[in-house]
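Report on the structure
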Amino acid sequence: MYAVFPLVQLCVGGTFAAAVALAATATLASRGPERPPRLLLVLPGFFTLTVGSLGMRGLTTLAGGHVVDGFTDLLELVLVVTAIAVGLVLGATLVPERRSGSEPGP
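All figures in this text were calculated on a predicted structure; none of them were measured in a lab. As a convention, each chain's residues are numbered from 1 in the sequence order in which they are written. Only residues with pLDDT of 70 or above have their local features reported here, since the model is predicted, and side-chain atom pairs are shown and tallied only from 80 upward, although totals for entire chains, interfaces and linings are computed over all residues. As a rule here, side-chain values cover all heavy atoms of the structure and leave hydrogens and water aside.

Attention now goes to a nonpolar patch on the surface. A contiguous nonpolar patch, built from Leu39, Leu43 and Phe47 and spanning about 330 Å² of accessible area, is present on the exposed surface. Mapped onto the secondary structure, leucine 39 falls in helix 2 (residues 38-49). With a 1.4 Å probe rolled over the protein chains alone, any residue whose accessible area is under 20% of its type maximum counts as buried; one over 50% counts as exposed, and the rest are partly exposed. A residue is classified by how much of its surface remains accessible, and leucine 39, at 59% relative accessible area, is exposed. Patch membership requires more than 30% relative accessible area and the absence of a salt bridge. Residues of like charge join within 9 Å; the nonpolar side chains Val, Leu, Ile, Met, Phe, Trp and Tyr join within 5 Å. For the area figures, the Shrake-Rupley method with a 1.4 Å probe applies, and any residue is considered shielded solely by the protein chains shown. Any carboxyl oxygen of Asp or Glu within 4 Å of a side-chain nitrogen of Lys or Arg constitutes a salt bridge here. Runs of E in the DSSP output that reach at least two residues are strands. Runs of H or I that reach at least four are helices, and both are numbered from the N terminus.

What follows is the structure, given as structure tokens:
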């Protein structure tokens, strides 16, 4: 069981970094009058980062009678989803959204 935690930390760290990059890039790419809104740019990356199969695997493993492995998968799911959420919030705050009608600074 102790061998699982370094793998979980690696997976969560990479997912967090990807979520920060996704939010910051989507905010930068949405700037401009003829650009799509930020939410439209975030959604494809968000669905790529989402790990629904990990939750399904955890529940299936639990139903199969492997309690420790099932709860390990579900714990990893909670950690990865939390990393995605916090990463998206951090990425959105790193690059402030440009307000429409405001002129760029000097």
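Text resumes after the structure shown.
Here a helix's expected span is defined as the number of its residues, less one, multiplied by 1.5 Å. Look at helix 4 (residues 67-94): 40 Å from first C-alpha to last across 28 residues, which is about the 40 Å you get at 1.5 Å a residue. Among all positions in helix 4, only Gly70, Thr72, Asp73, Leu74, Glu76, Leu77, Val80, Ala83, Ile84, Gly87, Leu88 and Gly91 are buried.

Here we come to the packing of helix 2 against helix 4. Packing of helix 2 against helix 4 brings their axes to within 12 Å, and their N-to-C directions diverge by 150°. By the angle between their axes, helix 2 is roughly antiparallel relative to helix 4. At the point where helix 2 passes helix 4, the crossing takes the right-handed sense. The residues of helix 4 that touch helix 2, namely those facing Arg38, Val42, Phe46 and Leu49, are Ile84, Leu88 and Ala92. Only Asp, Glu, Lys and Arg are considered charged in this grouping, and only Ala, Val, Leu, Ile, Met, Phe, Trp, Tyr, Cys and Pro are considered nonpolar; every other residue, Gly among them, is considered polar. When the residues that make up the contact of helix 2 with helix 4 are grouped by side-chain class, the tally is six nonpolar, no polar and one charged. Note on geometry: axes are C-alpha line fits, over the in-contact stretch for helices, and angles between N-to-C directions span 0 to 180 degrees. Here the angle decides the label: under 35 degrees means roughly parallel, over 145 means roughly antiparallel, 65 to 115 means roughly perpendicular, and every other value means oblique. Working rule for handedness: look at the near helix, and if it is turned counterclockwise from the far one by less than a right angle, call the crossing left-handed; if clockwise, right-handed. It only takes one pair of heavy atoms within 4.5 Å for two residues to be counted as in contact.

Now for the environment of leucine 74. With respect to the helices, strands and loops of the structure, leucine 74 is situated in helix 4. If we skip the residues at most four places from it in the chain, leucine 74 touches Gly55, Gly58, Leu59 and Leu62.

For our purposes a nonpolar core is just a set of buried Ala, Val, Leu, Ile, Met, Phe, Trp, Tyr and Cys residues, chained together by side-chain atoms within 4.5 Å. Formed by Ala19, Leu22, Ala23, Ala26, Val42, Leu49, Val80, Ile84 and Leu88, the largest nonpolar core amounts to nine residues. Elements represented by at least two residues in this core include exactly helix 1 (4-29), helix 2 and helix 4.

The subject of this paragraph is helix 2. End to end, helix 2 covers 17 Å across 12 residues, agreeing with the expected 16 Å (1.5 Å per residue, within 8%). If you check which residues of helix 2 are buried, you get Val42, Gly45 and Leu49. The arc enclosing the buried residues of helix 2, seen along the axis, measures out at 70°, which places them on a common side. Opposite the buried face of helix 2, by more than 90 degrees, sit the exposed residues Leu40, Pro44 and Phe47. Of all possible arcs, the one meant is that of the directions from the helix axis to the C-beta atoms.

Here we come to the side chain of serine 30. By the element assignment, serine 30 lies in the loop between helix 1 and helix 2. Each residue touching serine 30, except ones within four places of it in the same chain, is listed here: Arg35, Pro36, Pro37, Arg38 and Leu41.

A separate point is the confidence of the model for the chain. On average, residues of the chain score 78 in pLDDT, and 76% of them reach the 70 mark or higher. Note: pLDDT gives the predictor's confidence per residue, expressed from 0 to 100. When pLDDT is averaged over each helix and strand of the chain, the minimum, 73, is found for helix 1 and the maximum, 86, for helix 4.

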